[in-house]
Amino acid sequence: MGRIGLVLGGGGITGAAYELATLMAIEMATGWHPNDAEIMVGTSAGASVGAALRSDRPHLDVLVRSHESGQDVAARIRHIYGRRGSPQLGRWIRHGLVAGLRRPGLTFALGSPAPFDSNAIADWIRQQLDEAAERWPARPTAIVAYDVERRQRVAFGAIGAPTVSIAEAVAASSAIPVLFNPHVIDGRAYVDGGVASGTHADLVLGIAEPLDLIIVLPPMAQPRPRRGALPYESLFDRVGLAALRLELESIRGQWPDSEILVLHPPPGALAAMRANPMDAGAAVPSFVQTLDGMLGELAHPDVWALLERHLCNGACDGLGEAEIPA
């Protein structure tokens, strides 16, 4: 078994469903559990998935409980919208509006008034993970947010970062500007780590020894145009893909012998995930479509060769035995 790094990108509720299904497909095919990763990097939706995996929750249980219907799952997920946001005009004027006028771009939205309170995200994580939500995982884990005032990413869990619970880190990493108020921790305001990059894959370099394989799951960095994509979907893909390419170049420059596997959502999943990635009702369809298509993606000779080399440890029989659960 090789030394594996896992990068879980941002992509909303449907992005989290794709990541969970992809990791389930990998485990079905190889027996490798993602919590065995030497390091895990999570941003936004990937932060919540990483937190659940580091608490050793089964993939399916993270998304759906045994007694739940698809509507029940959507209703439970919608609890992240359970608190109304409160205006934080002073912070927005100082760190978003004024800075955005000086230097137009995404910074304009940082700290802007939003309809929902990011504390509801932290509450939701506590409900899902129980006592595990109040501590940090034992294995190396980086949850990425963006510091509104300092204009830089913060990798909670890394050396020098503020000490927080996993619930607070996920809330900070998932506070999408305009949708959620910034998440305030010890007087500092944080927003979604996707403001800087959807993946932050280069953070795997924070561990001492090179990895054998780095698995990257980017919901919003499609190399091929989405069919019928709206303008913002194409924009997110272009920006996300450009950032990811730079990060992968950095990894290859420092660890030339490490192999990298990027698994994008299969076509059926892309259709289920669009056009609103924050649609809780699309979570189960996105999961099912990803699981249905991803086993075929893993069977591609180049992909399977990587998995067999690094995850199977000589114990894989191939994908013929992998079946989608009913």
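The coordinates are above.
Caption draft 1: Seen up close, the packing of helix 1 (residues 12–30) against helix 11 (residues 301–312). Between helix 1 and helix 11, whose axes approach to 11 Å, the crossing angle comes to 70°. Taken together, the axes of helix 1 and helix 11 lie roughly perpendicular to each other. Between helix 1, through Ile26, Ala29 and Thr30, and helix 11, the contact on the second element is made entirely by Trp304, Leu307, Leu311 and Cys312. Grouping the amino acids of the contact of helix 1 with helix 11 by side-chain chemistry returns six nonpolar, one polar and no charged.

Caption draft 2: Region of the structure containing the pattern of salt bridges. Considering all chains together, one arrives at 11 salt bridges under this definition. Ionic pairing is found between Arg3 and Glu38, a salt bridge with its closest N-O pair at 3.4 Å. With Arg3 in the segment before strand 1 (4–8) and Glu38 in the loop between helix 1 and strand 2 (39–43), this residue pair connects regions lying 35 residues apart in the sequence. In this structure, Glu259 and Arg309 form a salt bridge, with 3.0 Å as the shortest nitrogen-oxygen distance. With Glu259 in strand 8 (residues 259–262) and Arg309 in helix 11, this pair connects stretches of sequence that are 50 residues apart. A relative accessible area of 49% places Arg309 in the partly exposed class. Ionic contacts of the salt-bridge type, sharing partners, join the residues Asp123, Arg126, Glu134 and Glu168 into one network.

Caption draft 3: Up close: the nonpolar core. Among the nonpolar cores identified, the biggest contains 76 residues, and Phe156, Ile215 and Leu298 are the most heavily contacted of them. When residues in this core are grouped by element, the largest group, 11 residues, is from helix 1. Excluding anything up to four places from it in sequence, Phe156 contacts Trp136, Thr141, Ala142, Ile143, Ala145, Ala161, Pro162, Val164, Ala169, Ala172, Ile185 and Tyr190. By size, the runner-up hydrophobic cluster in this structure holds 21 residues, among which are Ile39, Ile214, Leu248 and Ile260.

Caption draft 4: Inspection of helix 6 (residues 119–129) at higher detail. Turning to helix 6, its buried residues number three or more, namely Ala120, Ile121, Ala122, Trp124, Ile125, Gln128 and Leu129. Residues of helix 6 that are buried make contact with helix 2 (45–54), helix 4 (70–77), helix 7 (166–173) and strand 5 (183–185).

So, how was this worked out
Residues numbered from 1 in each chain as written. Predicted model: local features only at pLDDT ≥ 70, side-chain atom pairs only at ≥ 80, totals over all residues. Heavy atoms only, no water. Axes fitted to C-alpha atoms, helices over the stretch in contact; angles between N-to-C directions. Helix = DSSP H or I, 4+ residues; strand = E, 2+ residues; numbered from the N terminus. Parallel < 35°, antiparallel > 145°, perpendicular 65-115°, else oblique. Contact = heavy atoms within 4.5 Å. Nonpolar A, V, L, I, M, F, W, Y, C, P; charged D, E, K, R; others polar. Salt bridge = Lys/Arg side-chain N within 4 Å of Asp/Glu carboxyl O. Buried < 20%, exposed > 50% of the residue type's maximum accessible area, 1.4 Å probe, protein only. Core = buried A, V, L, I, M, F, W, Y, C linked by side-chain atoms within 4.5 Å.

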